[in-house]
Amino acid sequence: MDLKNIRETYKFNSLDEQEISGNPFTQFTEWLETYRKLEVKDSNAMAIATVDANGIPQNRIVLLKEIRPEGLVFFTNYESDKGEQLQLNPNISALFFWREQERQVRITGKVRKIEKEESMDYFRTRPHLSKIGAAASDQSKFIQSRAALEDKFNAFNEQYPEGSDVPMPSAWGGYIITPEVFEFWQGREGRLHDRLLFSKDKKSWKISRIQP
Ligand SMILES: Cc1cc2nc3c(=O)[nH]c(=O)nc-3n(C[C@H](O)[C@H](O)[C@H](O)COP(=O)(O)O)c2cc1C
């Protein structure tokens with residue numbers, strides 16, 4: 001496979017200090033909305049990196065489910081590997097890659113759990129099988145076979161058939177990422193990409209440019 005000769009040029013757009021919003025949440029929302037209009041599958045997917053007890057980074061995709069004035073919300077299992085890592089170390093990095101628009105947004109910040117009632121409100125809106133899947137999976141824990149997993153799923157599905165009220169698993173819920181840094185990256189020709197960094201300066205945001 002000849003990977004060395006794969007070369008893309010980036011010329012979709014540019015990003016400068018005059019046009020960018022002074023509020024990174026506004027800018028982020030605008031870019032995400034623009035991307036969503038393309039109707040790309042999983043346009044709200046983000047890679048989140050956490051650090052484990054041995055200092056080793058771990059990364060995986062989750063779905064962004066809400067943008068609040070103070071942060072970004074995703075849902076998961078609090079007893080999963082990522083949940084345990086965030087319990088020990090609430091620092092997180094989130095990354096969005098919007099290929100078709102040659103954009104990347106990198107966020108670093110800290111997480112906290114959202115209120116249980118807020119998680120329950122969202123859980124209720126999930127499709128039935130997603131609720132059953134969440135209930136049947138002790139996320140990140142070993143299981144002896146696929147069949148054993150399906151047995152657990154079927155048992156929950158029998159106990160809580162379609163139309164019944166599936167209780168939210170006690171370990172399931174949302175985290176909110178409170179960003180401290182946002183980096184907006186826009187690909188440009190000749191690899192002279194635009195990179196604008198927002199860093200929190202007390203209550204306001206400072207914008208600076210970094211080299212590509
Ligand atoms: C497109 C996509 C969306 C996903 N969305 C979620 C999600 O919203 N929440 C979640 O817990 N896992 C989600 N996953 C699964 C995670 O990537 C991961 O496998 C799981 O959360 C276990 O991670 P952990 O063992 O590091 O805790 C998604 C995976 C993909 C590929």
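Summarised in this report is the structure supplied together with it. Within any chain, residue numbers begin from 1 and follow the written order of that chain's sequence. Whole-chain, interface and lining totals are the exception, using all residues; otherwise, since this is a predicted model, local features are given only for residues with pLDDT of at least 70 and side-chain atom pairs are given and counted only at 80 or more. Each side-chain value is worked out from all heavy atoms of the structure, with water and hydrogens disregarded.

The helix and strand tally for the protein stands at five helices and nine strands. Only DSSP runs of H or I with at least four residues qualify as helices, and only runs of E with at least two residues qualify as strands; both kinds are numbered from the N terminus onward. Each helix and strand of the protein, ordered N terminal to C terminal, gives the series α-β-β-β-β-α-β-β-α-α-α-β-β-β. Seen along its three principal axes, the alpha-carbon backbone of the protein occupies a region of about 60 × 50 × 40 Å. Categorising residues by exposure relies on relative accessible area from a 1.4 Å probe, with only protein chains included: less than 20% of the type maximum marks a residue as buried, more than 50% marks it as exposed, and the intermediate range marks it as partly exposed. Expressed as a percentage of the 212 residues in the protein, the buried residues total 39%. Two residues qualify as a contact provided that any one of their heavy atoms is within 4.5 Å of a heavy atom in the partner residue. Looking at the protein alone, contacts between residues at least 24 apart form 65% of all its contacts between residues at least 6 apart. Residue burial considers only the protein chains on display, and all accessible areas are found by Shrake-Rupley using a 1.4 Å probe. On the protein, roughly 13,000 Å² of surface is accessible, and the fraction owed to carbon and sulfur atoms is 49%.

Attention now goes to unusual backbone geometry. Positive phi, close to 60°, is recorded for glutamate 39, a residue that is not glycine. One can find glutamate 39 in the loop between α1 (24-36) and β1 (45-51). Taking relative accessible area as the criterion, glutamate 39 reaches 71% and is therefore assigned exposed. The phi torsion at glutamate 102 lies on the positive side, around 55°, for a residue other than glycine. Mapped onto the elements, glutamate 102 comes out in the loop between β5 (91-98) and β6 (103-113).

Once that is clear, we can look at the pairing of β6. Across eight bridges, β5 lies against β6 in antiparallel orientation. The residue bridging tryptophan 98 from the neighbouring strand is arginine 103, located in β6. The loop that links β5 with its antiparallel partner β6 comprises four residues; one of these, glutamate 102, has a positive phi angle of about 55°. Looking at chain direction, β6 and strand β7 (residues 172-186) are connected through 11 bridges and run antiparallel. Any two strands are treated as partners once DSSP identifies two or more bridges connecting them.

Glancing now at the site of the ligand. Lining the immediate surroundings of the ligand are Asp42, Arg60, Ile61, Val62, Leu63, Phe75, Thr76, Ser80, Asp81, Lys82, Gln139 and Ser140. Isoleucine 61 is positioned with one of its backbone polar atoms (N or O) 2.7 Å from an oxygen atom of the ligand. Contacts described as polar in this section are N or O atom pairs within 3.5 Å, which, within protein, must combine one atom able to donate a hydrogen with one able to accept it, while residues neighboring in sequence count only if both atoms come from side chains. Within the side chain of glutamine 139, an N or O atom sits 3.1 Å from an oxygen atom of the ligand. Coverage of the ligand by the protein chains reaches 64% of its 620 Å² of free accessible surface. Among the elements of the structure, β2 (57-63), β4 (71-77) and α2 (81-88) are those that each provide at least two residues to the shell around the ligand. Looking at the shell around the ligand, the element that brings in the most residues is β2, giving four residues. For this description, a residue counts as near a given molecule or strand if any of its non-hydrogen atoms is within 4 Å of it.

Our next topic: the environment of leucine 129. In this structure, leucine 129 sits in helix α4 (residues 128-136). Beyond its immediate sequence surroundings of up to four residues, leucine 129 is in contact with Phe153 and Asn157.

Our next topic: the side chain of glutamate 102. Counting rule for charge: Lys and Arg are taken as positive, Asp and Glu as negative, and neither His nor the chain ends is counted. Here, a salt bridge means any side-chain nitrogen of Lys or Arg that lies within 4 Å of a carboxyl oxygen of Asp or Glu. The charged side chain of glutamate 102 is buried without a salt bridge, its nearest counter-charge being arginine 188 at 8.1 Å. Setting aside residues no more than four positions away along its own chain, glutamate 102 makes contact with Thr9, Tyr10, Lys11, Phe12, Trp185, Gln186 and Gly187.

This paragraph deals with the packing of aromatic side chains. Each Phe, Tyr or Trp ring (for Trp, its six-membered ring) is paired with any other whose centre lies within 6.5 Å, and the angle between the two planes then decides the class: stacked below 30 degrees, edge-to-face above 60, tilted in between. This model, assessed by the stated rule, comprises 17 aromatic pairs. The interplanar angle of 85° and the centroid separation of 5.4 Å between the aromatic rings of tryptophan 31 and phenylalanine 184 together place this pair among those described as edge-to-face. Taken as a pair, tryptophan 31 in helix α1 and phenylalanine 184 in strand β7 lie far apart in primary sequence, 153 residues in all. Residue phenylalanine 184 is classed as buried on the basis of its relative accessible area of 0%.

As a further point, take the packing of α4 against helix α5 (residues 146-159). Running from N to C, α4 and α5 point in directions that differ by 125°, and their axes come no closer than 9 Å. Taken together, the axes of α4 and α5 are oblique relative to one another. In this structure, α4 meets α5 at a crossing whose hand is right-handed. Where α4 abuts α5, its residues His128, Leu129, Ile132, Gly133, Ala135 and Ala136 lie against Leu149, Lys152, Phe153, Phe156 and Asn157. Residue type decides the class: Asp, Glu, Lys and Arg count as charged, Ala, Val, Leu, Ile, Met, Phe, Trp, Tyr, Cys and Pro as nonpolar, and the leftover types, Gly among them, as polar. When grouped by side-chain class, the residues that make up the contact of α4 with α5 number seven nonpolar, three polar and one charged. Axes, fitted as lines to C-alpha atoms, cover a helix only where it is in contact. Angles between the N-to-C directions of the axes lie from 0 to 180 degrees. Roughly parallel covers angles under 35 degrees, roughly antiparallel covers those over 145, roughly perpendicular covers 65 to 115, and oblique covers all other angles. A clockwise turn of the near helix away from the far one marks a right-handed crossing, whereas an anticlockwise turn of less than a right angle marks a left-handed crossing.

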